Amino acid sequence: MENGRIRIALTGKPNAGKSSLFNHLTGLNQKIGNFPGVTVDKRMGYCQLDSNTQAEIIDLPGIYSLYPRTLDEKIVTEIFSDQKSELYPDKVVLIADATNLKNCMLLLTQLIDLRIPTVVALNMMDLAAKSGLSIDVKRLSSLLDLPVVMINARKGHGIYELKRLLAEPLSASRKSVFQIDDEIKPVIAIIRNHFTLATDYEAYHFLQQTDNLVFLTQEQRAFIKAVAKEHQFFPHKYQGAETVMRYGFIQELLNKAIVKPSHRDWKRVSHGIDRVLTHKVGGYLIFFGVLFLIFQAIFAWAQIPMDFIDSSFARLSNNLSRQLPEGPFFELISQGIVPGIGGIVIFIPQIAILFACIAILEESGYMARVVFLMDKAMRKFGLNGKSVVPLMSGWACAIPAIMATRTIDNWKERLITIFVTPFMSCSARLPVFTILVALIIPDVKLFGFFNYQGMVLMGLYLLGFLAAILSAWAMKFIIRTKERSFLMMELPTYRMPRWPNVGYTIVEKTKTFVFEAGRVILAISIILWVLASYGPVDEMNDAKRVVRSESSSLQLSEAEIENRVAAYKLEHSYAGKLGKGIEPLIRPLGFDWKIGIALVTSFAAREVFVGTIATIYSIGSTEDQPTIKQRLRSEINPETGGPRYTPAVGMSLLIFYTFAMQCMSTLAIVKRETKGWKWPLLQLAYMTGLAYLSAFIVFHVMS
Amino acid sequence: MAKNVAEMLPGETAIIAGFADEQIGLKLLELGLLPGTAIRFNFTAPFGDPVCVSVSDVDLSLRIDEASTISVIN
């Protein structure tokens, strides 16, 4: 504790209401790591407990016990079993689901044995009451020798009491649940003395989970293993007995503290819904219906705010060009920075809608049923039912999606999921898709309801999904492993989504897009504007003279000459030279050097395509800045005299962007998650190769 | 007669007797599937795998391979 600030960790089993409580405690005062994900990285926030105590709150991934099954859970074990850790909490809040106390208690009894000062927050008391269950909270508190508070994390009830309790001094429970076997007491004593540990149970974990505890050095591990071997301590030998002993304690506790056992009415409702949602035919139809609705929502509902943002930024840029003095610096602002920011802001509505849909599915408990429905099919393709969530998140952003694969315990299935997730069309592709689809597909409705553009968009998403699933299937045969695969997960009871949580998810994910991807987009669009505005000095200065002499016989108006000068300048700028340089390579796909520039710049982040195209086509234009779409439509291919963006070129580009790996951040995160460059480089080569080949085929078939 | 969870029918209840696989058994224990506890077989996913069971008011989804390692009596 320093300067009245304490560190509090929130822990508990998945779906117990940790995120809701965290949001209530911290409000918007949250600090999220660089790459947030629903249950992935630890979230931190601050909370004023009383007038002189501030607390740093850490939201830990949901776990059932200190024996981790996944990478996510390992973090929690590490934090609790390393008292010297920077993240070691002063106090812990264990959120328990009152409707199902039994399997929230296993972790609690372990925390008791570690002598960690803990407050038990009983959540979902309303549901427990509905099912006829009543809990003797006082009795429970005295049996555990720990304070127990009732909260409603959804509505925020009981938060005040919890805060007050946390501000006061809190001591650890004096109970001892796990009685360590006499025969291993000597070896426990050796480890405890050697590492000066506070409890026997901590020493026991050092022995049990030597390899899981990352904070131990190689020498320390070797020491523990040598001691264990000498005393014939075999890890896992006692784990089963420990769990049974703990449940014995828990059952006795619950027999005393629970007044009336539950009857199963509200579960019956859940099973009734399950009968429909996991039905052989209906279940899948509903799932695909839900997906279809999501895409219609993205394409149709986001249109109004997007049009508004689009025209606002065009007007702003135009006004600034007129009002600011002349000079390269002011041009940079009005023509480089402002349109660059506009290019980021415009996609917020779509991203927000997509994340809202995913959050609602997670919150309601439906996502777990999707895992249940898809597990068998996914396994055929070398994946796991749990791969569905990362793959679906991949439609939003591959970065949190790849981090969400940590819930998959099997390494091979996890690796395959990581490898194929970038095929899922992320929100960064949406900007590219939106513009190109709107350009080459007429805005007509089928039966007056289904939007053709929406259907093509869904087709592209489906194509990305197929690429993912077929690649996964191929990898299933390439990668060999002896590790076993598990599913075993809880199917949470259906409930209304907690809307504030949905709101937080939207804010959090949109922020990630704006600040992570947006930074790159803005930086690159500024660099690009510079590249496209400047070139070798003599060539640029010659522009006016060359254009005038070339077109002297055409009797053009002053404005038309200006446009030609601008086009000439762009062609001879550094960006133009770069695009021309790769033209031979991309000509087989139907692309010209302007598209070439966009491909080069969007290698780092694919959404930059739009910013690039916007910059390329708007630079030097004296007329009102038209919207990107209109500008693309009027672009002429000098070879054919027809439009540049024919359906064949548009389709070829769409296919290229569906498959290509153009995201530096994703490659970086894959490197981090797979611990090496091997997989990200393979991914880059494979995806880009597939993109090139497919675009080539599409272009030649269509033209 | 000893049988396993994978052989149960929807709606059937039984008592957990033990685990045939140590690794899976340890994980199941932590989820509250203790020998002596009642287990109810609820329904299967389309194509018969995975399955949904209830143990002390929790719904769990297990693969058939996992369910078949749990021996039950009823």
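All values derive from a computational prediction rather than experimental measurement. (Residues numbered from 1 in each chain as written. Chains lettered and ligands numbered in written order. Predicted model: local features only at pLDDT ≥ 70, side-chain atom pairs only at ≥ 80, totals over all residues.)

**Notes on the overall build of chain A**
Here's step 1: Scanning chain A for helices and strands turns up 31 helices and 12 strands.
Here's step 2: Within chain A, buried positions represent 46% of all 703 residues.
Here's step 3: Of the contacts formed within chain A by residues at least 6 apart in sequence, a portion of 73% connects residues at least 24 apart. (Helix = DSSP H or I, 4+ residues; strand = E, 2+ residues; numbered from the N terminus. Buried ≥ 20, exposed ≤ 12 C-beta atoms within 10 Å, placed from the backbone. Contact = placed C-beta atoms within 7 Å.)

**What to know about the packing of helix H25 (residues 574–586) of chain A against helix H26 (residues 593–601) of chain A**
All names here are of chain A.
Here's step 1: In the contact formed by H25 and H26, the axes pass within 7 Å of each other and the chain directions differ by 100 degrees. The orientation of H25 with respect to H26, classified from their angle, is roughly perpendicular. Two secondary-structure elements touch here, H25 through Ala575, Gly576, Leu578, Gly579, Lys580, Ile582, Glu583 and Ile586 and H26 through Trp593, Lys594, Ile595, Gly596, Ile597, Leu599 and Val600.
Here's step 2: Here the contact of H25 with H26 is built from residues that sort into 9 nonpolar, 3 polar and 3 charged. (Axes fitted to C-alpha atoms, helices over the stretch in contact; angles between N-to-C directions. Parallel < 35°, antiparallel > 145°, perpendicular 65-115°, else oblique. Nonpolar A, V, L, I, M, F, W, Y, C, P; charged D, E, K, R; others polar.)

**Here's the deal with the nonpolar core**
All names here are of chain A.
Here's step 1: One finds Leu94, Ala96, Ala121 and Leu122 to be the most contacted residues of the largest nonpolar core, which totals 195 residues.
Here's step 2: Broken down by element, the residue count for this core peaks at 9 residues, all from helix H15 (residues 348–364).
Here's step 3: Excluding residues within four positions of it along the chain, leucine 94 makes contact with Thr11, Gly12, Leu107, Leu108, Leu111, Thr118, Val120 and Ala121. (Core = buried A, V, L, I, M, F, W, Y, C linked by C-beta atoms within 7 Å.)

**Focus: the interface of chain B and chain A**
Here's step 1: If you look at the interface, chain B gives 25 residues, while chain A gives 31 residues.
Here's step 2: Residue assignment for the side of chain B that touches chain A shows that the elements contributing at least two residues are helix H1 (22–30), strand S3 (38–44) and strand S5 (58–62) of chain B.
Here's step 3: Residues that form the side of chain B that touches chain A fall into these classes: 13 nonpolar, 5 polar and 7 charged.
Here's step 4: Of the strand pairs in this sheet, strand S12 (residues 489–490) of chain A and S5 of chain B are connected by 2 bridges, and their pairing is antiparallel. Opposite methionine 489 of chain A, over in S5 of chain B, you have serine 61 of chain B as the bridge partner. (Pairing = 2+ DSSP bridges.)

**Things to note about the packing of helix H7 (residues 185–194) of chain A against helix H9 (residues 218–230) of chain A**
Think of two packed helices as two axes; the pair is described by the angle between the axes and how far apart they sit.
Residue and element names in this part refer to chain A.
Here's step 1: Closest axis-to-axis distance for the H7/H9 pair is 10 Å, and the angle between their directions is 160 degrees. Compared by their axis directions, H7 and H9 come out roughly antiparallel. Note that H7 runs across H9; the crossing there is right-handed. The residues of H9 that touch H7, namely those facing Val187, Ile190 and Ile191, are Ile224, Val227 and Ala228.
Here's step 2: For the contact of H7 with H9, a count of residues per class yields 6 nonpolar, no polar and no charged. (Left-handed = near helix turned anticlockwise from the far one by under 90°.)

**Examining the pairing of strand S4 (residues 53–59) of chain A**
A regular strand places its side chains on the two faces of the sheet in alternate fashion.
Residues and elements named next belong to chain A.
Here's step 1: With 6 bridges joining them, strand S1 (residues 5–12) and S4 adopt parallel strand pairing. Paired with alanine 9 across the bridge in S4 is isoleucine 58.
Here's step 2: With 7 bridges connecting them, strand S3 (residues 43–50) and S4 associate as antiparallel partners. Within S4, the residue paired with tyrosine 46 across the bridge is glutamate 56.
Here's step 3: Between S3 and S4, which pair antiparallel in sequence order, lie 2 residues.

**Quick notes on the sheet that holds S3 of chain B**
Here's step 1: If you trace the 7 strands from one edge of the open sheet to the other, you get S12(A)-S5(B)-S4(B)-S3(B)-S2(B)-S6(B)-S1(B), paired in antiparallel fashion. The open sheet has two edge strands with one neighbour each: S12 of chain A together with strand S1 (3–4) of chain B.
Here's step 2: Two strands pair when backbone bridges link them, and S1 of chain B and strand S6 (residues 70–73) of chain B are joined in this way by 2 bridges, in the antiparallel orientation. Bridge pairing in S6 of chain B links lysine 3 of chain B to valine 72 of chain B.

**Here we look at the confidence of the model for chain B**
Here's step 1: Summary statistics for chain B give a mean pLDDT of 86 and a share of 97% for residues scoring 70 or more.
Here's step 2: Per-residue pLDDT, averaged within each element of chain B, yields its smallest value for strand S2 (residues 13–19) of chain B (84) and its largest for helix H2 (residues 64–67) of chain B (92). (pLDDT = per-residue confidence, 0-100.)

**Remarks on the confidence of the model for chain A**
Residue and element names in this part refer to chain A.
Here's step 1: For chain A, per-residue confidence averages 81 on the pLDDT scale, and 89% of positions sit at 70 or higher.
Here's step 2: Note that pLDDT drops below 50 for residues 33–40; the model gives that stretch 24 contacts with residues more than four away or on any other chain.
Here's step 3: Low confidence marks residues 619–626, where pLDDT is under 50. Its contacts with residues over four positions away, or in another chain, come to 18 contacts.

**A word on the pairing of strand S6 (residues 118–123) of chain A**
Residue and element names in this part refer to chain A.
Here's step 1: Among the 6 residues in S6, 5 count as buried, and that is most of the element.
Here's step 2: Pairing between strand S5 (residues 91–97) and S6: 6 bridges, direction parallel. Bridge assignment links valine 93 to a residue of S6, and that residue is valine 119.
Here's step 3: Regarding topology, helix H3 (residues 105–113) serves as the crossover connection from S5 to the parallel S6, and that connection is right-handed.
Here's step 4: The sheet contact formed by S6 and strand S8 (residues 148–150) spans 3 bridges and is parallel. Looking at S8, one finds that alanine 121 is bridged to valine 149. (Right-handed = clockwise from strand over helix to strand, strands pointing away.)

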